[in-house]
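# Topology and contacts: notes
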Amino acid sequence: MTNPRVVLLFSGKRKSGKDYLTERLLERLSTQRAQIIRISEPIKRSWAEKLGLDLGQLLSDGPYKEKYRREMIEWSDEKRSQNPGFFCKRACMQLDREICIVSDIRRKTDIDYFRETFGDRVRTIRIVASDATRISRGWQFQSGVDDVQSECDLDDFTGWDLLVENEPGSGVEKILSSIEALL
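Everything numeric here is computed off the predicted structure, so don't read it as measured data. (Residues numbered from 1 in each chain as written. Predicted model: local features only at pLDDT ≥ 70, side-chain atom pairs only at ≥ 80, totals over all residues. Heavy atoms only, no water.)

## Here we look at the packing of helix α1 (residues 18–29) against helix α9 (residues 172–180)
For the record, the criterion: Inter-axis angles, ranging from 0 to 180 degrees, are taken between N-to-C directions of lines fitted to C-alpha atoms, where helices are fitted over the stretch in contact. Secondary structure elements follow DSSP: runs of H or I no shorter than four residues count as helices, runs of E no shorter than two count as strands, and numbering proceeds from the N terminus. Here is the rule for angles: anything less than 35 degrees is roughly parallel, anything more than 145 is roughly antiparallel, 65 through 115 is roughly perpendicular, and the remaining ranges are oblique. A crossing counts as left-handed when the near helix is turned anticlockwise from the far one by less than a right angle, and as right-handed when that turn is clockwise. By definition, residues are in contact when any of their heavy atoms lie within 4.5 Å. Residues are grouped as follows: Ala, Val, Leu, Ile, Met, Phe, Trp, Tyr, Cys and Pro are nonpolar; Asp, Glu, Lys and Arg are charged; every other residue, Gly included, is polar.
At their nearest, the axes of α1 and α9 sit 10 Å apart, and the two run at 70° to each other. Considering the angle they form, α1 stands roughly perpendicular to α9. Handedness of the crossing formed by α1 with α9: right-handed. Judged by residue contacts, Tyr20, Leu21, Arg24, Leu25, Arg28 and Leu29 of α1 engage Val172, Glu173, Ile175, Leu176, Ser177, Ile179 and Glu180 from α9. Of the residues contributing to the contact of α1 with α9, the split by class is eight nonpolar, one polar and four charged.

Structure representation (structure tokens):
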């Protein structure tokens, strides 16, 4: 693990556009300077190993992942109760660029881990989109998924460095420029 110059923490509900925006940001910044890490990767890797599942399918944005999402959340919450930074630390083992983009911050303990580890180099970004917009992107409410800590813990967090409304017509270039200003 290297010490990045800046760590961008992205949070948002499912289908708010976090992955799309972080991928576009990476294109703008270049893979020589920046990288995306996902806390969900070590969760899914551990879950796949535990149950003998297809990791590639779990990492994708398809129905296979959705089939296991609820159980994975419950299992990862149990692991976090023993060590809140467990998955964050494992995800950080991949760090080797000056700009680190974390695309899937979901809990206050995730933010705490990164602030304790990287101090004032951390910037927090919340991506918001209306339910109507999220539905148009394929979101459907799931009890036990959309109403639990992994989706709701940061709903009352107010310490965002940047709040981004990602609605149709918001202008991706404008959004990306506002995020780049944090660098």
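## Considerations on the pairing of strand β5 (residues 162–165)
Cut-off, in case you're wondering: Here's how the labels work: a residue is buried when its accessible area is under 20% of the maximum for its type, exposed when over 50%, partly exposed in between, all with a 1.4 Å probe on protein chains only. Here a strand pair is declared whenever DSSP counts at least two bridges between the two strands.
Where burial is concerned, the two faces of β5 differ: the one with Leu162 and Val164 is buried and the one with Leu163 and Glu165 is not. Sheet topology places strand β4 (residues 122–128) next to β5; four bridges connect them, and they run parallel. Across the sheet, the residue bridging to Ile125 is Leu162, located in β5.

## Quick word on the sheet that holds strand β2 (residues 34–37)
Reading across from one edge, β2-β3-β1-β4-β5 is the order of the five strands in this open sheet, with parallel pairing throughout. What marks the edges here is a single partner per strand, and that holds for β2 and β5. Ignoring strand direction, the axes of neighbouring strands in this sheet form an average angle of 20°. Together, β1 (6–12) and β5 form the strand contacts of α9, whose direction differs from that of β5 by roughly 175°.

## Quick notes on the nonpolar core
Let me state the cut-off plainly: Only buried Ala, Val, Leu, Ile, Met, Phe, Trp, Tyr and Cys residues count toward a nonpolar core, and they belong to the same one when joined by side-chain atoms within 4.5 Å.
Residues Val7, Leu9, Ile39, Val102, Ile105 and Phe114 are the most contacted members of the largest nonpolar core, which totals 29 residues. Secondary-structure elements contributing two or more residues to this core are β1, α2 (40–51), α3 (55–59), α4 (63–82), α5 (86–92), β3 (99–105) and α6 (108–118). Once residues lying within four places of it in the same chain are set aside, the contact partners of Ile39 are Arg80, Phe87, Cys88, Ala91, Val102, Asp104, Ile105, Asp110 and Phe114. Listed in part, the 19 residues of the second largest apolar core include Leu29, Ala34, Leu162 and Val164.

## Notes on the pattern of salt bridges
Pairing is possible between side chains that carry opposite charge, provided their charged atoms lie close to one another. What counts, and what does not: Here, a salt bridge means any side-chain nitrogen of Lys or Arg that lies within 4 Å of a carboxyl oxygen of Asp or Glu.
As enumerated under the stated definition, the model contains 19 salt bridges in all. The partner of Glu74 in a salt bridge is Arg70, and the shortest N-O contact between them spans 3.8 Å. With Glu74 and Arg70 both in helix α4, this residue pair falls four residues apart, about one helical turn. Judged by its relative accessible area of 47%, Glu74 falls in the partly exposed class. As a salt-bridge pair, Arg107 and Asp77 come within 2.4 Å of each other at their nearest N and O atoms.

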